[in-house]
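Residue-level structure breakdown
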Number of protein chains: 2
Amino acid sequence: MAHHAPTLDEVAREAGVSRSTASRAINGGNRVSPAAQAAVDAAIAHLGFVPNRAARALATSQTGSIALVIPEPDDKFLSDPFLLGVLRGVSGALSGTETQLVLLINHANQPEGQMSRYLRAGHVDGAIITSPHAGDHLEDDLRGMRNVVFIGRPFRSEGIAYVDVDNVEGGRLATRTLLDAGRTRIGTISGPTDMTAGLDRLQGFTDALGAVDLPTDAVESGDFTAAGAEAATHRLLDRRPDLDALFVASDSMAVGVRIALADRGLRVPEDVALVGFDNLGAATAMTPRLTTVDNPLVEMVDAATRRLLARLGSGEDVGENLVLPPTLVPGSSDR
Amino acid sequence: MAHHAPTLDEVAREAGVSRSTASRAINGGNRVSPAAQAAVDAAIAHLGFVPNRAARALATSQTGSIALVIPEPDDKFLSDPFLLGVLRGVSGALSGTETQLVLLINHANQPEGQMSRYLRAGHVDGAIITSPHAGDHLEDDLRGMRNVVFIGRPFRSEGIAYVDVDNVEGGRLATRTLLDAGRTRIGTISGPTDMTAGLDRLQGFTDALGAVDLPTDAVESGDFTAAGAEAATHRLLDRRPDLDALFVASDSMAVGVRIALADRGLRVPEDVALVGFDNLGAATAMTPRLTTVDNPLVEMVDAATRRLLARLGSGEDVGENLVLPPTLVPGSSDR
DNA sequence: CTGTTAGCGCATTCAC
DNA sequence: GTGAATGCGCTAACAG
């Protein structure tokens, strides 16, 4: 245990300069002579100096950390690939940065406005908010705050910066793939209706079928879990046993759909063709390999983080919200 | 945005007391009169005062935050239920606490000793370290530091505080379940050999079979992923097509095992009985539902976090390392 | 380009 | 039980 963490004072003394010069040398080296810079660098290396974050934060009133707000862990939490992708994206964008990542679990029953108070209290410089649900206080509490970026489009997006994948286009893409494979009796296991991602993907499904004058009523909504999708599939097939294809709004749900189909003795893709959505790991683990729509989640989050950092740094907005295009990932479940 | 975050000074002034009294009132209220206490409380509520973490950290040289160190995101990262369980455990232990959680991604190629330097620099008060691998610098870098707790027993545990599940006993439990079901040609898809969890579960397998004089050589090691396990299962069955039961060292791997068995036309449990390990979500999603060993991960991590907090608070060690007992979770894959 | 001078907001001696 | 004084380690004017 070091008896004493080296301080800027000691660095300055060892380098033979004043504290201010040492400080400038550390922060970008503006207006410091090469000689002084070198001396300070040497002293830092020699002493193993690491700036004290608390002191720096106090002086600059910037914490050097951002928060990642994630929804309360519930039963589906334990197998949610979404969160892992988010982590990976933030982590990538922050690597090489001095910025710290503070994790904030957004408990559902926590006092309204607590989150925005936390941000306003200045405990962190900014925040990334994941998976907004309808009725979430967060969306309204945080509207207009410029140090906040949402992952996924919120329900009312005015005054909210966000990045998202084009879920409508993704839903279209998936459904067209089924059409191109020659299927005509197409249904969907949609996502939850209290999330824009669920709604948008369903919209894409409806668009694609409507464009070719096919019925769009074979819909049952799941909850982005395998178990929920399994039940939804049974409900749907009870009603419409003639379906020859399904667009499943998430790969996790496709696992449940496969089970339901197997229970009914239906083969994939011979009897029922399948196209999923996400490509976050589950698709490649299925047999036959699931044809799916790639959700560029990691890139999305990476972009969101960089955008937040830019907003914090320059103070100026980077402009438009970012909506990334989805792409089809071929498998053997669609034809 | 508030023009000005309220400071302790203002609280003191509004309450008609000195800064020191206000400070005491806030921190436990020792040696402050009921009248003063009430006045301060009122002022705090009125002003919406929130103590500035940076200032407090600077004054106390305690940051009020702990780090959670997780391994670098690789390809299996995106579908690892382990990490989610850890998050859930830490989150639970920290809720109701003022302590912040800082996420640290431990990049494999990061300079040796960086992590321990980070801790010694005092950026956080302590750390929770997840899933130690053999050859990890971390284990040696952090040995002896009393503000660190590991999740999962490290290879050399001297000088390292950790909590773990009894993986050996878990492996025994799983294997005995298979024996009790009348199986006699039992193999295992083990975990990676560079993790104590993998090694220990295999040890339990060997113990249980050795105790009844059955051969223990039907072993192939997976990597805790479904794809890896699928390949391992084929290797094992190529060599030992007569097996009538498998202990699979993780539920994620069991998914791959099921695929491999299906490919070979083997039914579960009629032809091959299966017992997994973890019960972190995958088991209940399988059909037939996987019989598995419950890994009390969330409780483990919760305990680890509380232990860390205790160590930081009182300065005294809480004593022994904690090793939680695993329990069997019945399914219909074992008989 | 450099050093001197002030705080940032809080906890904590120490006398009273 | 209370208040005055001091310092945590750093950055940011300011005058030189």
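The structure displayed is predicted, hence computed values, not measured ones.

**A few points about the side chain of Asp 200 of chain B**
Residues and elements named next belong to chain B. Examined against the element boundaries, Asp 200 turns out to sit in helix α9 (residues 196-211). Asp 200 sits in the buried class, given a relative accessible area of 12%. Among all residues touching Asp 200, those that are not within four sequence positions of it are Arg 153, Asn 167 and Val 168.

**Topic: the packing of aromatic side chains**
For the coordinates displayed, the defined rule picks out three aromatic pairs over all chains. Considering the side-chain rings of Phe 247 of chain B and Phe 277 of chain B, the 6.5 Å spacing of their centres and the 50° angle between planes classify their relative orientation as tilted. One end of the pair, Phe 247 of chain B, is in strand β8 (residues 245-248); the other, Phe 277 of chain B, is in the loop between β9 (273-275) and β10 (292-294), and 30 residues separate them in sequence. Of the two residues examined, Phe 247 of chain B and Phe 277 of chain B, each falls in the buried class. Here a set of aromatic residues connected by ring pairs shows up, and it is made of Phe 205, Phe 247 and Phe 277 of chain A.

**Focus on the interface of chain A and chain B**
Listed as interface residues are 37 residues of chain A and, on the opposing side, 38 residues of chain B. There are zero salt bridges connecting chain A and chain B. Linking chain A with chain B are four residue pairs in polar contact (both at pLDDT 80 or more), by the criterion used here. Those elements giving two or more residues to the side of chain A that touches chain B turn out to be α4 (53-60), α5 (81-94), β2 (100-106) and α6 (114-120) of chain A. Examining the composition of the side of chain A that touches chain B, we find that seven residues originate from one element, α5 of chain A, more than from any other. Its residues placed into classes, the side of chain A that touches chain B shows 23 nonpolar, eight polar and six charged. The sheet contact formed by β2 of chain A and strand β2 (residues 100-106) of chain B spans three bridges and is antiparallel. Looking at β2 of chain B, one finds that Leu 103 of chain A is bridged to Leu 101 of chain B.

**Some thoughts on the sheet that holds strand β8 (residues 245-248) of chain A**
Whether parallel or antiparallel, the strands of a sheet pair through hydrogen bonds between backbone atoms. Residues and elements named next belong to chain A. Read across the open sheet, the six strands follow the order β7-β6-β8-β9-β10-β12; overall the sheet is mixed. One side of each edge strand has no neighbouring strand; the edge strands of this open sheet are β7 (219-221) and β12 (327-329). When the angles between neighbouring strand axes are averaged without regard to direction, this sheet yields 20°. One ladder, built from four bridges, connects strand β6 (residues 186-190) with β8; its direction is parallel. Bridging from a neighbouring strand, Ile 186 pairs with Ala 245 of β8. Where helix α8 (residues 167-180) meets the sheet, its contacts fall on β6, β8, β9 (273-278), β10 (291-294) and β12, and the angle it forms with β9 comes to roughly 160°. Contacts from helix α9 (residues 196-211) reach β6, β7, β8 and β9, with the element oriented near 170° to β6.

**Side note on the domain arrangement of chain A**
Interfaces are often sized by the accessible area lost when the parts come together. According to the domain assignment, chain A consists of domain 1 (8-60), domain 2 (65-165 + 298-324) and domain 3 (167-295). Put simply, the middle of domain 1 of chain A and the middle of domain 2 of chain A, counted by C-alpha atoms, are 34 Å apart.

**Some words on the protein's contact with DNA strand D**
Neighbouring DNA strand D are 27 residues; Leu 8 and Arg 56 of chain A together with Thr 21, Arg 24 and Ser 33 of chain B lie closest to it. A distance of 3.2 Å separates a base oxygen of DNA strand D from a polar side-chain atom of Arg 19 of chain B. Between a base nitrogen of DNA strand D and a side-chain N or O atom of Ser 20 of chain B, the distance comes to 3.0 Å. Mapped by element, the contributors of at least two residues to the surface near DNA strand D are α2 (19-26) and α4 of chain A together with α2 (19-26) and α4 (53-60) of chain B. Counted by class, the surface near DNA strand D contains ten nonpolar, ten polar and seven charged residues.

**Some words on the protein's contact with DNA strand C**
Close to DNA strand C lie 26 residues; Ser 20, Arg 24 and Ser 33 of chain A together with Leu 8 and Arg 56 of chain B are nearest. The sugar and phosphate moieties of DNA strand C supply 55% of its atoms located within 4 Å of the protein. Here Thr 21 of chain A contributes a side-chain N or O atom positioned 2.8 Å from a phosphate oxygen of DNA strand C. Residue assignment for the surface near DNA strand C shows that the elements contributing at least two residues are α2 and α4 of chain A together with α2 and α4 of chain B. Counted by class, the surface near DNA strand C contains ten nonpolar, ten polar and six charged residues.

**Notes on the sheet that holds β8 of chain B**
All names here are of chain B. The parallel open sheet is built from four strands, whose spatial order is β7-β6-β8-β9. Bordering the open sheet on either side are β7 (219-221) and β9, each of which pairs with just one other strand. Averaged over all pairs of adjacent strands, the angle between strand axes in this sheet comes to 20°, irrespective of strand direction. Sheet strands in contact with helix α8 (residues 167-180) are β6 (186-190), β8 and β9, and its direction is about 165° off that of β8.

**Brief notes about the relation of the copies chain A and chain B**
After a rotation of 180° and a shift along the axis of 0.1 Å, chain A superposes on chain B with an RMSD of 0.1 Å. The relationship between the two copies is best expressed as a two-fold rotation axis. When the interface residues of chain A are mapped onto chain B, 97% of them again fall at the interface, so both copies present the same face.

**Regarding unusual backbone geometry**
With the exception of glycine, the majority of residues adopt a negative phi angle, and the majority of peptide bonds are in the trans configuration. The amide bond that connects Val 268 of chain A to the next residue, Pro 269 of chain A, takes the cis arrangement and shows omega of 5°. Mapped onto the fold, Pro 269 of chain A is located in the loop between α11 (251-263) and β9. Non-glycine residue Arg 31 of chain B carries a positive phi angle of around 60°. Locating Arg 31 of chain B in the fold gives a position in the loop between α2 and α3 (34-47). On the accessibility criterion, Arg 31 of chain B (75% relative accessible area) is exposed. Non-glycine residue Ser 61 of chain B carries a positive phi angle of around 55°. Locating Ser 61 of chain B in the fold gives a position in the loop between α4 and β1 (65-71).

Thresholds, definitions, all that
- All residue numbers refer to position in the chain's written sequence, counted from 1.
- By the order in which they are written, chains take letters starting at A while ligands take numbers starting at 1.
- Totals for whole chains, interfaces and linings use every residue, but because this is a predicted model, local features are given only for residues with pLDDT of at least 70 and side-chain atom pairs only at 80 or more, for both listing and counting.
- Side-chain descriptors were evaluated using all non-hydrogen atoms of the structure, hydrogens and water having been removed beforehand.
- Note on conventions: DSSP H or I runs of at least 4 residues are helices, E runs of at least 2 residues are strands, and numbering of each starts at the N terminus.
- The buried label goes to any residue with under 20% of its type's maximum accessible area, the exposed label to any with over 50%, and the partly exposed label to all in between, with areas taken from a 1.4 Å probe on protein chains only.
- Two residues qualify as a contact provided that any one of their heavy atoms is within 4.5 Å of a heavy atom in the partner residue.
- Two aromatic rings, drawn from Phe, Tyr or Trp (for Trp, its six-membered ring), form a pair once their centres lie within 6.5 Å of each other, and the interplanar angle then sorts them: stacked below 30 degrees, edge-to-face above 60, tilted otherwise.
- A side-chain nitrogen of Lys or Arg and a carboxyl oxygen of Asp or Glu constitute a salt bridge if their distance falls within 4 Å.
- In the analysis that follows, any N or O atom pair within 3.5 Å is treated as a polar contact, provided that within protein one partner can donate a hydrogen and the other can accept it, and provided that, for residues neighboring in sequence, both atoms belong to side chains.
- Asp, Glu, Lys and Arg are counted as charged, while Ala, Val, Leu, Ile, Met, Phe, Trp, Tyr, Cys and Pro are counted as nonpolar; the rest, among them Gly, fall into the polar class.
- Whether two strands pair depends on DSSP finding at least two bridges between them.
- To define axes, lines are fitted to C-alpha atoms, for helices over the stretch in contact only, and angles between the resulting N-to-C directions are given on a 0 to 180 degree scale.
- Where each domain begins and ends is defined by an automated method or by a domain database.
- Being near a molecule or strand, for a residue, means having at least one of its heavy atoms within 4 Å of it.
- The fit set for superposing copies consists of C-alpha atoms from residues with pLDDT of at least 70 in both; the fit itself is least squares.

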